[in-house]
Amino acid sequence: ADYAAFVQSARLRLDGSVTPAEVLAFNEGLNARLAALGERAAPDAAVFALTLTPPQIDQIERKLVDDNVKARKQSAQEVRQEVDERAKKYAARFEFWLGKLSEQQVQLIRASLAGRPVDSLYWIEARERRTKDLVALLRRIEAERPPEAVAANWFRAYFRELARPSDAEQRARAEAFRRDNARLIAQLVNSASVEQRAHLDRKLAGFETEFVQLAQRGTAG
């Protein structure tokens, strides 16, 4: 129900102009809900982790490392790409929410990307740190066999680190990325046509409806 209300509040803002600060506030609301989800998932994650054997953890690590190798190759390709090529990829993501973008909107994306560093390598580095930390956590739980409550607290700490890195430099880079994206999102929404705003509203309404249905199902259960 909270998710549905959160999406509804975002829909209500679509009638007027949107500021980067409002986009950041929405992003922070998402992160707060993800952090809450981590808090609730920690006990189940702990119970599962306590069942893992060393060979299973090795298999998890191999799978995660393989995925990271593929992601790093893609990131390296993105670094070498021209701004126009990266702008096309960004445009495709935004078109999920807004429908077909105008040439003016594509130029807004291009200008935004041209004025900031390529972020793909930063995100793959963050992904690799998450992988390393998760595998280390699983190995620690397997080796020390702590009580479920203790393992759950370790997972809570892991999830909190995902939401807000303790390293000041990593946190600053993430926040800079969010600020740049917030400015771009505000520009695109404010330049959206009536049809594009309707498209965006339908997308958000779909999520809102699903959350309401899930909430009702949970109450009935």
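What counts as what
- Residues numbered from 1 in each chain as written.
- Predicted model: local features only at pLDDT ≥ 70, side-chain atom pairs only at ≥ 80, totals over all residues.
- Heavy atoms only, no water.
- Helix = DSSP H or I, 4+ residues; strand = E, 2+ residues; numbered from the N terminus.
- Contact = heavy atoms within 4.5 Å.
- Areas by Shrake-Rupley, 256 points an atom, 1.4 Å probe, with all protein chains shown as cover.
- Lys, Arg positive; Asp, Glu negative; His and termini not counted.
- Charge placed at Lys NZ, Arg CZ, Asp CG, Glu CD.
- pLDDT = per-residue confidence, 0-100.
- Buried < 20%, exposed > 50% of the residue type's maximum accessible area, 1.4 Å probe, protein only.
- Expected span 1.5 Å × (residues − 1).
- Core = buried A, V, L, I, M, F, W, Y, C linked by side-chain atoms within 4.5 Å.
- Phe/Tyr/Trp six-rings, centres within 6.5 Å; stacked < 30°, edge-to-face > 60°.
- Patch = residues over 30% accessible without salt bridge, like charges linked within 9 Å, V, L, I, M, F, W, Y side chains within 5 Å.
- Salt bridge = Lys/Arg side-chain N within 4 Å of Asp/Glu carboxyl O.

Caption draft 1: Looking closely at the overall build of the protein chain. In terms of regular secondary structure, the protein chain is built from 9 helices and 0 strands. Ordered by position from N to C terminus, the α and β elements of the protein chain give α-α-α-α-α-α-α-α-α. Along the first, second and third principal axes, the C-alpha atoms of the protein chain reach 55 × 50 × 30 Å. Taking contacts inside the protein chain between residues at least 6 apart in sequence as the whole, the part at least 24 apart equals 81%. Carbon and sulfur atoms provide 56% of the accessible area of the protein chain, an area that totals close to 13600 Å². Computed over 36 positive and 32 negative side-chain charges, the inter-centroid distance for the protein chain is 1 Å.

Caption draft 2: Main features of the confidence of the model for the protein chain. Mean pLDDT for the protein chain: 90, with 94% of residues reaching 70 or above. Mean pLDDT per element in the protein chain: helix α3 (residues 54–80) is the minimum at 84, and helix α1 (residues 2–12) is the maximum at 94.

Caption draft 3: The side chain of N181, seen in detail. Along the chain, N181 falls in helix α8 (residues 168–190). Take N181: its relative accessible area is 16%, and that puts it in the buried class.

Caption draft 4: Representation of helix α9 (residues 194–220) in the model. The end-to-end C-alpha distance of α9 is 38 Å, a good match for the 39 Å that 27 residues give at a rise of 1.5 Å each. Q196, R197, L200, L204, A205 and E208 are the residues of α9 that are buried. Against α1, α4 (83–98), α5 (103–114) and α8 lie the buried residues of α9.

Caption draft 5: View of the side chain of S112. Its place among the elements puts S112 in helix α5. Judged by its relative accessible area of 17%, S112 is buried. Here S112 is in contact with D180 and L184, once residues within four sequence places are set aside.

Caption draft 6: Inspection of the nonpolar core at higher detail. Counting residues in hydrophobic clusters, the biggest one holds 22 residues, and the most contacted among them are Y90, F94 and I109. The residues touching F94, leaving out its near neighbours within four places in the chain, are G99, L101, I109, L184, I185 and L188. Counting residues in hydrophobic clusters, the runner-up holds 16 residues, among them L50, A151, A152 and Y158.

Caption draft 7: Structural detail: the packing of aromatic side chains. Here the structure, examined in full by the defined rule, presents 6 aromatic pairs. Aromatic side chains Y3 and F211 sit 5.2 Å apart centroid to centroid with 70° between the ring planes, which places their arrangement in the edge-to-face category. Highlighted residues: Y3 in helix α1 and F211 in helix α9, separated in sequence by 208 residues. Members of the aromatic cluster, joined through ring pairs, are F96, W97 and F207.

Caption draft 8: How the structure looks around a nonpolar patch on the surface. A grouping of Y3, L34 and L37 is seen on the molecular surface, where their side chains present a nonpolar patch of about 300 Å² in accessible area. Structurally, the position occupied by L34 is in helix α2 (residues 20–49). Judged by its relative accessible area of 56%, L34 falls in the exposed class.

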